[in-house]
Protein chains: 2
Amino acid sequence: MRTYKAHIIDTPSPDAFRILENGYVSVSEEGRVVYIGSQCPVETGELVDLGDRLLIPAFCDLHLHAPQYRNNGLAMDLELLPWLNKYTFPEEMKFAHVDYARRIYSRFVHELWMQGTMRVSVFATVHPEATRLLADLLRKAGLGAYVGLVAMDRNAPDGLRNNALQAFSETTNLDRYLGREGLVRAIVTPRFIPSCSEEMLTALGRLANESGLPVQSHLSENMHEIDWVHQLEPDATCYGDAYHKYGLFGQTPTLMAHCCYTNPQETQLMRLNNVCIVHCPTSNTNLASGMAPIRHFLNNGIKVALGTDISGGHYMSMLRVIQYAIQTSKIHYAQSQGKMPFLSLAEAFYLATKSGGSFFGKVGCFDLGYDFDALVIDDAYLNFDHYTLPERLERFIYIGDDRDIRMRFCQGRLLPEPPL
Amino acid sequence: MRTYKAHIIDTPSPDAFRILENGYVSVSEEGRVVYIGSQCPVETGELVDLGDRLLIPAFCDLHLHAPQYRNNGLAMDLELLPWLNKYTFPEEMKFAHVDYARRIYSRFVHELWMQGTMRVSVFATVHPEATRLLADLLRKAGLGAYVGLVAMDRNAPDGLRNNALQAFSETTNLDRYLGREGLVRAIVTPRFIPSCSEEMLTALGRLANESGLPVQSHLSENMHEIDWVHQLEPDATCYGDAYHKYGLFGQTPTLMAHCCYTNPQETQLMRLNNVCIVHCPTSNTNLASGMAPIRHFLNNGIKVALGTDISGGHYMSMLRVIQYAIQTSKIHYAQSQGKMPFLSLAEAFYLATKSGGSFFGKVGCFDLGYDFDALVIDDAYLNFDHYTLPERLERFIYIGDDRDIRMRFCQGRLLPEPPL
């Protein structure tokens, strides 16, 4: 056991921060929180005094594309569908080459570590060897992840399609290779409806439901995309139903990224099936997709997590995503003449930690029994005046960056810097 | 004379970047560009080879509040008017104390330098001693600035009001102290209409028109503010007219920040009077003000510059403001079903350099005769693959930061780091 003393801040609920000035958190050998409080516990094990630093939950990024890392910060002059064809698919094709994949995925994993993101649900590509390599690199770094071999058998260029049998068997192989006990696991990953034939969706739905594997995909991101889905799947009552009828919409734990234009029917289907929306506000603004109405989804009892959506999103720090989640909710607030209250800082922080973390188990806050996923923040540079602890956290979120993160823990383990 | 060899990128026009791979720019003793081209000039003076680095124009921040530096990244749970009363006015009152002002303004100037912002038009407070100190610190650092002693005589707490005579004479004194030849000069600065009585506006209009000093203020930022102005100035045909009728709206060079809700009449008045809009998209989202329709203003021939609006805006880097300017224009694009084309990267860069720079003279690009305001960018960390020069610039703008800025020049002078 180890006990850390620091200014501890987390969000057990979205209503408000829990703030323990000079608090204590004890962590078991298994990496779980066994004590949290303002008093020093009777048994501390090794006591680590972090001094005037902040101790906060590490971040969870529930939607991003590792093979698009090279395109990070680039190519944002097009909307979704032409953007995929012009920039994204050509880049993803390079991952047929494992040496290329190793170079890019190493940098990707390094940046996750750097930005304090300890848990991700990530898209790889259709290439099984490169996808396994990504999973290996994440495991070696000590990070937690769901890794998806992307399934796509239509409307994609040669070299970037697999078929239903391949997607089924290669995802099964990845699942067997990784197992279900470790921090890195497999996830069923249809790219999106336009990329997947009926045969593909049938196979993936069968895989998810027989194996119990979770599912991740994209939903209602862009109006052109939605129109296309209606043409491709005329029998579906909404875009979400096109996943649902194949067993890919909440029959097992499911993440659906974006939902900028989810209609009432789709909202209802998500609520009934406990589908988690992954809100990616940087991506949605960069690709001119729109702004997902997050307050509306929260009011409807739908679970929401946050994602950077690299490289639709331009920056891998969840700090920026928290900022944009609040800011786009403020645009909704202004445009609704105040009828849609904007997200508070605590709410957005909760989405980036405990809400996203719940996809991985007990992750994202320092409640008893939770995995100790944590960041130690040294904000001496920002804290030049007599700021309160809530102010220090707010300034770190809005104007801090990776330079202020001094230590990163995932499931209790202090993670060293991974190789570049 | 000195000649710099580097990859030179600027925007002489908003249409596209000018890119000179391994280009040359020569700078006179007076700090002006006397040669730019792909070939080495016949006379170089001292030749400085910057290697594989990018050389770009430094940034111009046309609207920000130096005394709000301590509140940077804080206090964004309220809209404009309650935000002013609860957070901003109490902080500004502290600048009656010169020691406090010195401490905060030193950090403010340091951060301008750090972020590569070489020219600003800045609001101080009502306090003449602290305002002069800010101007002195900017001069010492070698930065270019218009510094405004804030004028406000109503709807503000005790200790944060001056009267018409004070504002007139103290701004006049600041102008005399600074002169009109150096890089730092005075600017007439009514806070906004709700803060200024008829007597105050009359005095400031007279000052601007008699002295030829430029003017800066706020305009049509928030609906509650606009309603209030209509109550306070029932005879004005629009908010802008409430400045115009006192000679504070283009009669001398004028900056008006925000314009989220400028109506057709006000747009017309700005165009006729050559008033420059300072677009502050980070501030407008943080304070839930809205989104200024920049494409619409550009289509109407109105000059637009960019501003961080610290501390309504949360971050002092113009890189972020460029990002948000593009991103909010993309939300307009999405919401107008594509009728309002979004800003290109070159356009937004132009707004942050040459367009804003024009307020200071020939500033903001490397055309002949322009002041050599420049940043040397070492993007080795970002440029890990074979990126093109346009891609390298785009990545620096979207995912780079102050760490990548290696040298900062203002009017030809390499600026050392100012003291914190």
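Residues numbered from 1 in each chain as written. Chains lettered and ligands numbered in written order. Predicted model: local features only at pLDDT ≥ 70, side-chain atom pairs only at ≥ 80, totals over all residues. Heavy atoms only, no water.

*Asks:* What am I meant to see in the state of the cysteines here?
*Replies:* What is meant by a disulfide is a covalent connection between two cysteines, made through their sulfur atoms. All names here are of chain B. With the rule as written, the count across this model stands at zero disulfides over all chains. C238 takes part in no disulfide bond, and the closest cysteine sulfur to it belongs to C259, at a distance of 10 Å. For C238, a relative accessible area of 2% puts it in the buried group. We note that C410 lacks a disulfide partner, and the nearest cysteine sulfur, in C60, lies 8.8 Å from it. Among the residues examined, C410 registers a relative accessible area of 1% and is labelled buried. (Disulfide = S-S within 2.5 Å. Buried < 20%, exposed > 50% of the residue type's maximum accessible area, 1.4 Å probe, protein only.)

*Asks:* Looking at this structure, I do not really get the pattern of salt bridges. What am I missing?
*Replies:* As a working rule, side chains carrying opposite charge can pair if their charged atoms are close by. Applying the stated criterion to the full structure yields 50 salt bridges over all chains. As a salt-bridge pair, A:R119 and A:D373 come within 2.6 Å of each other at their nearest N and O atoms. Linking A:R119 in strand β6 (residues 117-123) with A:D373 in the loop between α12 (345-357) and β15 (374-377), this pair joins segments that are 254 residues apart in sequence. Exposure class is identical for A:R119 and A:D373. Each is buried. Beyond isolated ion pairs, a larger network of salt bridges with shared partners links A:D401, A:D402, A:R403, B:D401, B:D402 and B:R403. (Salt bridge = Lys/Arg side-chain N within 4 Å of Asp/Glu carboxyl O. Helix = DSSP H or I, 4+ residues; strand = E, 2+ residues; numbered from the N terminus.)

*Asks:* Looking at this model, I keep getting lost on the sheet that holds strand β17 (residues 413-414) of chain B. Mind explaining?
*Replies:* Strands belonging to one sheet form pairs held by backbone hydrogen bonds; the direction of such a pair is parallel or antiparallel. All names here are of chain B. Read from one edge of the open sheet, seven strands run β3-β2-β1-β4-β15-β16-β17, paired in mixed fashion. Across the chains shown, the open sheet's two edge strands, defined by having one partner strand only, are β3 (33-37) and β17. Here strand β4 (residues 46-57) pairs with strand β15 (residues 374-377) via four bridges, running antiparallel. Among the inter-strand pairings, L55 is bridged to a residue of β15, identified as V376. (Pairing = 2+ DSSP bridges.)

*Asks:* Any chance you could explain the interface of chain B and chain A here in plain terms?
*Replies:* Many authors give the size of an interface as the accessible area that is lost as the parts come together. Opposite the 48 residues of chain B that make contact, chain A presents 48 residues. With both chains or domains summed, chain B and chain A bury close to 4,400 Å², and 49% of this area falls on carbon and sulfur atoms. Two residues, A:D401 and B:R403, come together in a salt bridge whose shortest N-O distance is 4.0 Å. At the junction of chain B with chain A, the criterion picks out 29 residue pairs in polar contact (both at pLDDT 80 or more). For the side of chain B that touches chain A, the elements supplying multiple residues, two or more each, are α2 (98-115), α9 (281-286), α11 (318-335) and α13 (389-399) of chain B. Looking at the side of chain B that touches chain A, the element that brings in the most residues is α11(B), giving nine residues. Considering only residue class, the side of chain B that touches chain A consists of 21 nonpolar, twelve polar and 15 charged. (Contact = heavy atoms within 4.5 Å. Buried area = accessible area lost by both parts, 1.4 Å probe. Polar contact = N/O pair within 3.5 Å; in protein donor to acceptor, adjacent residues only side chain to side chain. Nonpolar A, V, L, I, M, F, W, Y, C, P; charged D, E, K, R; others polar.)

*Asks:* Is there a simple way to think about helix α1 (residues 80-93) of chain B in this case?
*Replies:* Three- or four-residue spacings in an α-helix give side chains the same orientation, since the helix completes a turn every 3.6 residues. Residues and elements named next belong to chain B. Approximately 35° is the largest bend angle found in α1, and it occurs at Y87, with the proline P90 only one to four residues beyond. Those residues of α1 lying buried are L80, L81, W83, L84, Y87, T88, F89, E91 and E92. Next to the buried residues of α1 lie β5 (59-65), α2 and α6 (223-232). (Bend = angle between axes of the 7 residues up to and from the residue.)

*Asks:* What should I look at first to understand the side chain of B:R154 in this one?
*Replies:* All names here are of chain B. Tracing the sequence through the fold places R154 in the loop between β8 (150-151) and α4 (164-178). On the basis of relative accessibility, which here comes to 19%, the residue R154 falls in the buried class. Side-chain polar atoms of R154 contact the backbone oxygen of P194, separated by 3.3 Å.

*Asks:* Explanation requested: the relation of the copies chain B and chain A in the structure shown.
*Replies:* One copy of the chain maps onto the other through a rotation about an axis followed by a shift along the same axis. Each copy of the sequence occupies a distinct position, and chain B is placed on chain A by a rotation of 180° and an axial shift of 0.0 Å, giving an RMSD of 0.0 Å. Look at the turn and shift together and you get a two-fold axis relating the two. The residues that chain B uses at the interface reappear at the interface of chain A in 100% of cases, marking a shared surface. (Least-squares fit on C-alpha atoms with pLDDT ≥ 70 in both.)

*Asks:* Whenever I open this one, the environment of A:T172 confuses me. Can you help?
*Replies:* Tracing the sequence through the fold places A:T172 in helix α4 (residues 164-178). Residues A:T172 and A:P390, spaced 218 residues apart in sequence, show a C-alpha to C-alpha distance of 46 Å.

*Asks:* Would you take a moment to explain unusual backbone geometry for this structure?
*Replies:* Trans peptide bonds make up the majority, and among non-glycine residues the majority have a negative phi. The omega torsion of the bond from A:I310 to A:S311 falls at 5°, within 30 degrees of zero and hence cis. In this fold, A:S311 is placed in the loop between β14 (304-306) and α11 (318-335). In this structure, A:H258 takes a positive phi of about 95° despite not being glycine. Within the secondary structure layout, A:H258 lies in strand β12 (residues 254-258). Phi at B:Q411 is positive, roughly 50°, even though this residue is not glycine. Turning to its location among the elements, B:Q411 is positioned in the loop between β16 (405-410) and β17. Of the residues examined, B:Q411 reaches a relative accessible area of 25% and is grouped as partly exposed.

*Asks:* Even after reading the chapter, I still don't get the confidence of the model for chain A, so can you show me in this structure?
*Replies:* Close inspection of predicted coordinates is inappropriate for parts of the model with low pLDDT. Per-residue confidence for chain A gives a mean pLDDT of 97, with 100% of residues at or over 70. Reported for the predicted complex are a pTM of 0.98 and an ipTM of 0.97. (pLDDT = per-residue confidence, 0-100.)

*Asks:* Even after reading the chapter, I still don't get the sheet that holds strand β7 (residues 144-148) of chain B, so can you show me in this structure?
*Replies:* Residues and elements named next belong to chain B. If you walk across this open sheet you meet the four strands as β5-β6-β7-β9, and the pairing is parallel. Of all the strands in the sheet, the pair left with one neighbour each is β5 and β9 (184-186). Strand-to-strand twist across the sheet, computed as the mean angle between neighbouring axes with direction ignored, equals 20°. On the sheet, α2 packs against β5 and β6 (117-123) and is oriented at approximately 140° with respect to β6. (Axes fitted to C-alpha atoms, helices over the stretch in contact; angles between N-to-C directions.)

*Asks:* Just to check I follow, could you spell out the pairing of strand β2 (residues 16-27) of chain A for this structure?
*Replies:* Residues in a regular strand project their side chains so that they alternate between the two faces of the sheet. All names here are of chain A. Two elements, strand β1 (residues 2-13) and β2, share nine bridges in a ladder whose sense is antiparallel. Residue D10 lies in a different strand from β2, and its bridge partner there is R18. Counting the residues in the hairpin turn of β1 and β2 gives two residues. Pairing of β2 with strand β3 (residues 33-37), which is carried by four bridges, proceeds in the antiparallel orientation. Each bridged residue has a counterpart across the sheet, and for Y24 the counterpart in β3 is G37. With antiparallel pairing between neighbouring strands as the criterion, β2 and β3 make up a hairpin whose turn holds five residues, including G31 at a positive phi of roughly 85°.

*Asks:* Explain the packing of helix α3 (residues 128-141) of chain B against α4(B) to me, please; I cannot follow it from the model alone.
*Replies:* Packed helices, taken two at a time, are described by their axes: the angle between them and the distance between them. All names here are of chain B. Axis separation between α3 and α4 bottoms out at 11 Å; the angle between their running directions is 25°. Classified by the angle their axes make, α3 and α4 are roughly parallel. Crossing geometry of α3 relative to α4 is assigned as right-handed. Contact residues: P128, T131, R132, A135, D136 and R139 in α3; E170, L174, Y177 and L178 in α4. In terms of residue class, the contact of α3 with α4 is built from five nonpolar, one polar and four charged. (Parallel < 35°, antiparallel > 145°, perpendicular 65-115°, else oblique. Left-handed = near helix turned anticlockwise from the far one by under 90°.)

*Asks:* For this particular structure, what's the right way to read the packing of aromatic side chains?
*Replies:* As enumerated under the stated definition, the model contains 35 aromatic pairs over all chains in all. Members of the aromatic cluster, connected to one another through ring pairs, are A:Y4, A:F366, A:F372 and A:F409. Just above the ring of B:Y387 sits the side chain of A:R70; from NZ or CZ to the centre is 4.0 Å. (Phe/Tyr/Trp six-rings, centres within 6.5 Å; stacked < 30°, edge-to-face > 60°. Lys NZ or Arg CZ within 6 Å of the ring centre and 35° of its normal.)

*Asks:* Would you mind showing me how to read the packing of α11(B) against helix α12 (residues 345-357) of chain B here?
*Replies:* Residues and elements named next belong to chain B. Relative to each other, α11 and α12 sit at 135°, their axes nearing to 9 Å. Looking at the two axes, α11 sits oblique to α12. Along this stretch, α11 crosses α12, giving a crossing that reads as right-handed. Taken together, the residues of α12 that come into contact with α11 (itself represented by M318, I322 and I326) are L345, A348, F349 and A352.

*Asks:* Before we go on, may I ask you to explain the environment of B:A16 in this structure?
*Replies:* Residue and element names in this part refer to chain B. Its place among the elements puts A16 in strand β2 (residues 16-27). Between the C-alpha atom of A16 and that of N173, which follows or precedes it by 157 residues, the distance is 43 Å. Setting aside residues no more than four positions away along its own chain, A16 makes contact with D10, T11 and A346.

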